[in-house]
Amino acid sequence: MAGNKKNMIPLVLAVVLALAAVFAVNRLIGQKAPMSGEEMIEVVVAARNLAPEELINEGAVTKKLIPRSAAPSKAIGWNQNSMILNQKMKASVSRGDYIVLDDIGVGRGLSDMVGDGEWAVSISLNGGAITSRLRPGDEIAILGTYTLREKKKSSVVGQESKEVSRKITIVILPRVRILALDGNRQQGGDEFVLALPPAQAQMLLAAQEQGIALSPALRKPHDESNLNRTTSGLVDAETFNNLAVGVERTLIPAVPTKK
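Conventions we followed
Residues numbered from 1 in each chain as written. Predicted model: local features only at pLDDT ≥ 70, side-chain atom pairs only at ≥ 80, totals over all residues. Heavy atoms only, no water. Helix = DSSP H or I, 4+ residues; strand = E, 2+ residues; numbered from the N terminus. Buried < 20%, exposed > 50% of the residue type's maximum accessible area, 1.4 Å probe, protein only. Contact = heavy atoms within 4.5 Å. Areas by Shrake-Rupley, 256 points an atom, 1.4 Å probe, with all protein chains shown as cover. Core = buried A, V, L, I, M, F, W, Y, C linked by side-chain atoms within 4.5 Å. 1 Å grid on protein atoms, 1.4 Å probe; cavity = no way out; pocket = protein on both sides within 12 Å on 5 of 7 lines; lining within 4 Å. Points joined across faces, edges and corners; volume = space filled by probe spheres on them. Patch = residues over 30% accessible without salt bridge, like charges linked within 9 Å, V, L, I, M, F, W, Y side chains within 5 Å. Salt bridge = Lys/Arg side-chain N within 4 Å of Asp/Glu carboxyl O. Expected span 1.5 Å × (residues − 1). Arc of directions from axis to C-beta.

(A) Region of interest: the overall build of the chain. Within the chain, the regular secondary structure consists of five helices and eight strands. Tracing the chain from N to C terminus, the helices and strands come up as α-β-β-α-β-α-β-β-β-α-β-β-α. Within the chain, the fraction of its 259 residues that count as buried is 27%. Across the chain, every contact between residues at least 6 apart in sequence was considered, and the portion connecting residues at least 24 apart equals 72%. Roughly 17300 Å² of accessible area belongs to the chain as shown, and the carbon and sulfur atoms make up 56% of that amount.

Okay, here's the thing in structure tokens:
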């Protein structure tokens, strides 16, 4: 009987090692070479060895660029990395391995990320290349471009004031925190969930409804400068007219001819 038990130990050990090998192969299978022209995506990987029950902080994760076809089915996109911060690991993950949804206890919704006194609102932003690269946790300024209508007094006595309009660009909100991106987009997009005090949330939604073009300007995280929205002034046609003040007109020379 004792001999049978001794014979079982190597067998059990072999099974355990085989399972570990299969698990490791599944983790690394995504590192195959990309197909020509295949889309590449950024996913979350462990920046160091992570143990069960360990709290995930910013230093625990990093990003890895891989072909979309190589991503595990439950891989976490780098643009969603903020949702796993402050979550606990359910399983151990080695440095450089993918962190997938099964590895963590994700129970954090948007309501957990909204700060005290803040509301979350969904806003469409213009911006081209910048909007496609923004991710949760980024801080942005929001600029607005719209037609400003003003009453201009007439120089003629007794004549009524007339309305004049001009297009301007101005800073609407100097610092806003992004909570999430449009859930239907893997690589950014133009729809963002922002955290704002109630009055600012109401104003920004109204600006969107009135057709004001809203564009983001990316800020350095936690930068405390330029928080007064009025210091940047406004830009209109007169701004560009003033660029020419004191600058001599350049004359285009005749096309030189060969001698």
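This is not the end of the story, as more comes after the structure.
(B) Representation of the nonpolar core within the structure. Of all hydrophobic cores here, the largest spans 20 residues; its most connected members are Ile 142, Leu 194, Leu 196, Leu 204 and Leu 214. Elements that contribute at least two residues to this core include exactly strand 3 (119-124), strand 4 (139-152), strand 5 (162-181), strand 6 (191-196) and helix 4 (198-209). The element contributing the most residues to this core is strand 5, with six residues. The residues contacting Leu 204, other than those within four sequence positions of it, are Ile 123, Ile 142, Ile 172, Leu 173, Leu 194, Leu 196 and Leu 214. If you look at the next biggest cluster of nonpolar residues, it comprises 14 residues, including Ile 56, Val 61, Ile 76 and Ile 99.

(C) Representation of the environment of Asp 223 in the model. Looking at where Asp 223 falls in the secondary structure, it is placed in the loop between strand 7 (213-218) and strand 8 (234-235). A relative accessible area of 26% places Asp 223 in the partly exposed class.

(D) Broad picture of the layout of surface pockets. By volume, the largest pocket amounts to about 540 Å³. The wall of the largest pocket is formed by 19 residues, among which Glu 58, Ser 82, Leu 85, Pro 136 and Gly 137 lie closest to the centre. Here the lining of the largest pocket takes three residues from strand 5, the largest share from any one element.

(E) Spatial organisation of a nonpolar patch on the surface. On the surface, Val 235, Phe 240 and Leu 243 cluster together to form a nonpolar patch covering roughly 310 Å² of accessible area. Within the fold, Leu 243 resides in helix 5 (residues 237-243).

(F) Main features of helix 4. The terminal C-alpha atoms of helix 4, which comprises twelve residues, lie 17 Å apart, in line with the 16 Å expected from a rise of 1.5 Å per residue. Taken residue by residue, helix 4 has Ala 201, Leu 204 and Ala 207 as its buried positions. Projected onto a plane normal to the axis of helix 4, the buried residues spread over an arc of 125° and lie on a single side. Opposite its buried face, helix 4 presents the exposed residues Ala 199, Gln 202 and Glu 209, each directed more than 90 degrees away. In the core, the buried residues of helix 4 are packed alongside strand 3, strand 4, strand 5, strand 6 and strand 7. The positive-phi residue at the C-terminal boundary of helix 4 is Gly 211, with phi of around 80°.

(G) Broad picture of the pattern of salt bridges. Across all of its chains, the model carries nine salt bridges by this definition. The shortest N-O distance in the salt bridge between Glu 150 and Arg 166 comes to 3.0 Å. Of this pair, Glu 150 sits in strand 4 while Arg 166 sits in strand 5, and the two are 16 residues apart along the sequence. A relative accessible area of 31% places Glu 150 in the partly exposed class. Accessibility expressed as a relative area gives 30% for Arg 166, which makes it partly exposed. The residue Asp 236 makes a salt bridge to Arg 166 at a minimum N-O spacing of 2.4 Å. Separated by 70 residues along the polypeptide, Asp 236 in the loop between strand 8 and helix 5 and Arg 166 in strand 5 bring together distant segments of the chain. One network of salt bridges, with partners in common, ties together Glu 150, Arg 166 and Asp 236.

(H) Expanded view of the environment of Ala 60. Within the secondary structure layout, Ala 60 lies in the loop between strand 1 (40-46) and strand 2 (61-67). Between the alpha carbons of Ala 60 and Arg 48 there is a distance of 6.1 Å; along the sequence they are twelve residues apart. Not counting chain neighbours up to four residues away, the residues in contact with Ala 60 comprise Val 45, Ala 46, Ala 47, Arg 48 and Leu 50.

(I) Structural detail: the environment of Ala 237. Along the chain, Ala 237 falls in helix 5. Classification of Ala 237 as exposed rests on a relative accessible area of 54%. When the C-alpha positions of Ala 237 and Lys 167 are compared, they lie 7.4 Å apart, and in sequence the two are 70 residues distant.

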